[in-house]
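The chain contents come next:
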Amino acid sequence: MVEKLFKAYDVRATYPNPLNEEMAWKIGHATAQYLKRSRAVVPKEQQVKNESTLVVGRDMRPSSPSLAKSLCDGIRSVGFNVIDVGMIDTSFMYFAINELECVGGIQTTASHNPIQYNGFKISGPKAKPIGAATGLDDIKRIAALLRVGETGLKGEYVETDLWEPYKKHVLQFLQLKRKIRVAIDASNGMAGKMVPKVFGDVPNLEIIPILFEITGSFTHEPNPLVEANLQMLKDKIHETHPDFGACFDGDADRCMFVDEKGQSIGCDLITALLARDFLQLPQNKGASIVYDLRSSHVVSDEITAAGGVPRRERVGHSFMKKTLAETQAVFGGELSGHFYFRDNFYADSGAIAFARMLSVISTQEKPLSALITPLKRYSQSGEINFQVEDKDGKIRELADVYKKSQVDYLDGITIDLGDWWFNVRKSNTEPLLRLNLEAKTPQMLQEKLQEVQKILGEPLHGH
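None of the values given here were measured: they were computed from a predicted structure. (Residues numbered from 1 in each chain as written. Predicted model: local features only at pLDDT ≥ 70, side-chain atom pairs only at ≥ 80, totals over all residues. Heavy atoms only, no water.)

K.L.:
In this structure, what is going on with the overall build of the protein? I would like to understand it.
P.N.:
On a plain count of helices and strands, the protein comes out with 15 helices and 23 strands. The globule rule puts the C-alpha radius of gyration for 463 residues at 23 Å, and the 22 Å found for the protein is close to it. Projected onto its principal axes, the C-alpha positions of the protein cover 70 × 55 × 45 Å. Relative to its full complement of 463 residues, the protein shows a buried share of 57%. Total accessible area on the protein is roughly 19300 Å²; 50% of this is exposed by carbon and sulfur atoms. (Helix = DSSP H or I, 4+ residues; strand = E, 2+ residues; numbered from the N terminus. Rg over C-alpha atoms; globule rule 2.2 N^0.38 Å. Buried < 20%, exposed > 50% of the residue type's maximum accessible area, 1.4 Å probe, protein only. Areas by Shrake-Rupley, 256 points an atom, 1.4 Å probe, with all protein chains shown as cover.)

Right, dumping it as structure tokens:
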């Protein structure tokens, strides 16, 4: 059963089958066991003060309170202590682990999945992500062997409210130069609590709220990457004419932006916009900026133009965070809407991304659409999926066809031919290849898409 729950970066499944309170206990126990064992090999600079304490938080799903309680019982059965920070957005967890100097933390959430799902996002010391390659497989192995029962050990349990320090932490990223009106769709998720708590009394900020009610169900799927889920926000923008709009996902660690005309903005263009903003600060002169390799070439253009060092990285938060930390990059952005910040423990934060966007817009006379237009210099295909059984064979075929061009294998295959380029990545879970292609002109985009599709086959629609 345990096998079904563990994914590449987190634990996620439907409740109550296969994910239930018994499984939550096992995962809590296994995580504490794993962190206890790995303490012995932690280098000095990574040691933390509270090396036998885990932070636990949860999102607003109806199943979260009971799962989080069983999780805490499992952790305490190893003799570890628990600090319960209550119902929070996921980025709050990364703050709490660092603020309390704990050995790690577990957020009970299924992010943007439908309401019947739940799961756990597990972090280690300094809020470093624990994924399949960095401990999650070990936790899975320990959990698979466990039976729920008394161990004779019982760590302490305390509840604590960190909203004041969290608010202070996020608001250090906000400098409003003029009055801003913004429409926010909280997707009936954690932004419905986080936005009022953190931004509710900011002077010169007027918030037009959409779906701030935490009802235990979702009016629309809490995934802002799907265009249809932005419709309520766009309608509200046409009706109320704010400076811009923002839509958060279920656990509010991701944020998508819509301009004052109701047009959605690709997260790579937001990365380009915010990169310039960070690099103009004297203390960030020449800093690195990390971006995922599906992003438009405009991102590296803008970083270079602003005197920064562009760093392409594989898709996925564990790769992004690792490269941010290693290069001490000031900022990073992914196409999925995760934005990462050096001064946020190299972790991602929907709240901080929102704060920076407010700050940038408030310094400009021009509307957001006018800031984004010059960043749309290339034509992008968006992600297109192809059903392919022999994924590796197809990637070899692409390499052969385009062997005279610049080829790299950082994540799948990227082929760069100067005026146009594309990346093809394998899906981890399905027989799919995912194509992103970009060209200098719309005509060239269509022409090159047809050329590459001759090799990849018929695209899947609506996937």
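K.L.:
Would you take a moment to explain the pairing of strand β4 (residues 102-108) for this structure?
P.N.:
Put simply, side chains in a regular strand alternate between the two faces of the sheet. Most of β4 sits out of view: 7 of its 7 residues are buried. The sheet contact formed by strand β2 (residues 50-58) and β4 spans 6 bridges and is parallel. Looking at β4, one finds that Leu 54 is bridged to Gly 104. Inspection of the sheet shows β4 paired to strand β5 (residues 117-123) by 4 bridges, in the antiparallel sense. Counted as the bridge partner of Gln 107 is Lys 121 from β5. (Pairing = 2+ DSSP bridges.)

K.L.:
Help me understand the packing of helix α9 (residues 267-279) against helix α10 (residues 297-305) in this model?
P.N.:
Helix packing geometry: the angle between the two helix axes and the distance between the axes. Packing of α9 against α10 leaves a shortest axis separation of 9 Å and a crossing angle of 5 degrees. Judged on the interaxial angle alone, α10 and α9 are roughly parallel. Contacts between α9 and α10 involve Asp 268, Leu 269, Thr 271, Ala 272, Ala 275, Arg 276 and Leu 279 from the first element and Val 298, Val 299, Glu 302, Ile 303 and Ala 305 from the second. When grouped by side-chain class, the residues that make up the contact of α9 with α10 number 8 nonpolar, 1 polar and 3 charged. (Axes fitted to C-alpha atoms, helices over the stretch in contact; angles between N-to-C directions. Parallel < 35°, antiparallel > 145°, perpendicular 65-115°, else oblique. Contact = heavy atoms within 4.5 Å. Nonpolar A, V, L, I, M, F, W, Y, C, P; charged D, E, K, R; others polar.)

K.L.:
Teacher, can you tell me more about the nonpolar core here?
P.N.:
For soluble globular proteins, nonpolar side chains are generally found buried alongside one another. One finds Met 194, Phe 199, Phe 244 and Phe 354 to be the most contacted residues of the largest nonpolar core, which totals 75 residues. If we ignore the near neighbours within four places in the chain, the residues touching Phe 199 are Val 170, Leu 171, Leu 174, Met 194, Leu 205, Ile 207, Ala 351, Phe 354, Ala 355 and Leu 358. Among the nonpolar cores identified, the runner-up in size contains 34 residues, and Leu 71, Cys 72, Val 103 and Leu 136 belong to it. (Core = buried A, V, L, I, M, F, W, Y, C linked by side-chain atoms within 4.5 Å.)

K.L.:
Whenever I open this one, the packing of aromatic side chains confuses me. Can you help?
P.N.:
The geometry of two aromatic rings is summed up by the distance between their centres and the angle between their planes. This model, assessed by the stated rule, comprises 17 aromatic pairs. Ring centres of Phe 95 and Tyr 166 lie 5.6 Å apart, and the angle between their planes is 50 degrees; this geometry places the pair in the tilted category. One end of the pair, Phe 95, is in helix α4 (residues 90-99); the other, Tyr 166, is in helix α6 (residues 163-171), and 71 residues separate them in sequence. Classification of Tyr 166 by relative accessible area gives buried; the value is 1%. Taken together, a centroid distance of 6.2 Å and an interplanar angle of 10 degrees make the contact between Phe 331 and Phe 339 stacked. Just as Phe 331 is buried, Phe 339 falls in that class too. Through successive ring pairs, a cluster of aromatic residues spans Phe 173, Phe 278, Phe 331, Phe 339 and Phe 341. The ring of Tyr 94 carries Lys 321 above its face, with NZ or CZ at 4.1 Å from the centroid. For Arg 356, the ring lying beneath its charged end belongs to Phe 278, and the centroid distance is 5.6 Å. (Phe/Tyr/Trp six-rings, centres within 6.5 Å; stacked < 30°, edge-to-face > 60°. Lys NZ or Arg CZ within 6 Å of the ring centre and 35° of its normal.)

K.L.:
How should the pairing of strand β18 (residues 384-387) be read in this particular structure?
P.N.:
Bridge count for β18 against strand β22 (residues 432-439) is 4 bridges, and the pairing is antiparallel. If you follow Asn 385 over to β22, its bridge partner there is Arg 434.

K.L.:
Is there a simple way to explain α4 in this structure?
P.N.:
Count 3.6 residues to each turn of an α-helix, and residues three or four apart come out pointing the same way. Counting buried positions along α4 yields 9 of 10 residues, so the element is predominantly enclosed. Turning to α4, its buried residues number three or more, namely Thr 90, Ser 91, Phe 92, Met 93, Tyr 94, Phe 95, Ala 96, Ile 97 and Asn 98. A positive backbone phi angle near 50 degrees is found at Glu 101, which sits one or two residues after α4.

K.L.:
Whenever I open this one, unusual backbone geometry confuses me. Can you help?
P.N.:
The bulk of non-glycine residues show a negative phi, and the bulk of peptide bonds are trans. Following Tyr 15, the chain continues to Pro 16 via a peptide bond in cis, the omega torsion being 5 degrees. Summarising the element assignment, Pro 16 is placed in the loop between β1 (11-14) and α2 (21-38). Note that the residue after Asn 17, namely Pro 18, is joined by a cis bond; omega there is 10 degrees. Along the chain, the position of Pro 18 falls in the loop between β1 and α2. With phi around 50 degrees, Ser 111 is a residue other than glycine that occupies positive phi space. Tracing the sequence through the fold places Ser 111 in the loop between β4 and β5. Assessed through its relative accessible area of 3%, Ser 111 is described here as buried. The phi dihedral of Ala 252 falls on the positive side, at around 60 degrees, and the residue is not glycine. Within the secondary structure, Ala 252 is located in the loop between β9 (244-248) and β10 (255-258).

K.L.:
Is there a simple way to explain the state of the cysteines in this structure?
P.N.:
Here is the idea: a disulfide is a covalent bond, and it sits between the sulfur atoms of two cysteines. This structure, assessed with the given rule, holds 0 disulfides. With no disulfide of its own, Cys 247 lies closest to Cys 255 among cysteine sulfurs, the gap being 7.8 Å. For the unlinked cysteine Cys 267, the closest cysteine sulfur is that of Cys 255, found at 8.3 Å. Classification of Cys 267 as buried rests on a relative accessible area of 3%. (Disulfide = S-S within 2.5 Å.)

K.L.:
Honestly, the pattern of salt bridges in this entry has me stumped. Any pointers?
P.N.:
With the rule as written, the count across this model stands at 35 salt bridges. The salt bridge involving Arg 39 is made with Glu 51; its shortest N-O contact spans 4.0 Å. Of this pair, Arg 39 sits in the loop between α2 and β2 while Glu 51 sits in strand β2; the two residues are 12 residues apart in sequence, bridging distant segments of the chain. For Glu 51, a relative accessible area of 37% translates into the label partly exposed. For Asp 253, the salt bridge is made with Lys 121, and the minimal N-O distance between the two is 3.1 Å. Residue Asp 253 is located in the loop between β9 and β10, and its partner Lys 121 is located in strand β5; the two are separated by 132 residues in the primary sequence. When sorted by exposure, Asp 253 lands in the same class as Lys 121, which is buried. Residues joined by salt bridges that share partners form a network here, namely Asp 292, Arg 294, Glu 383, Asp 411 and Arg 425. (Salt bridge = Lys/Arg side-chain N within 4 Å of Asp/Glu carboxyl O.)

On their own, these measurements won't tell you what the molecule is for.
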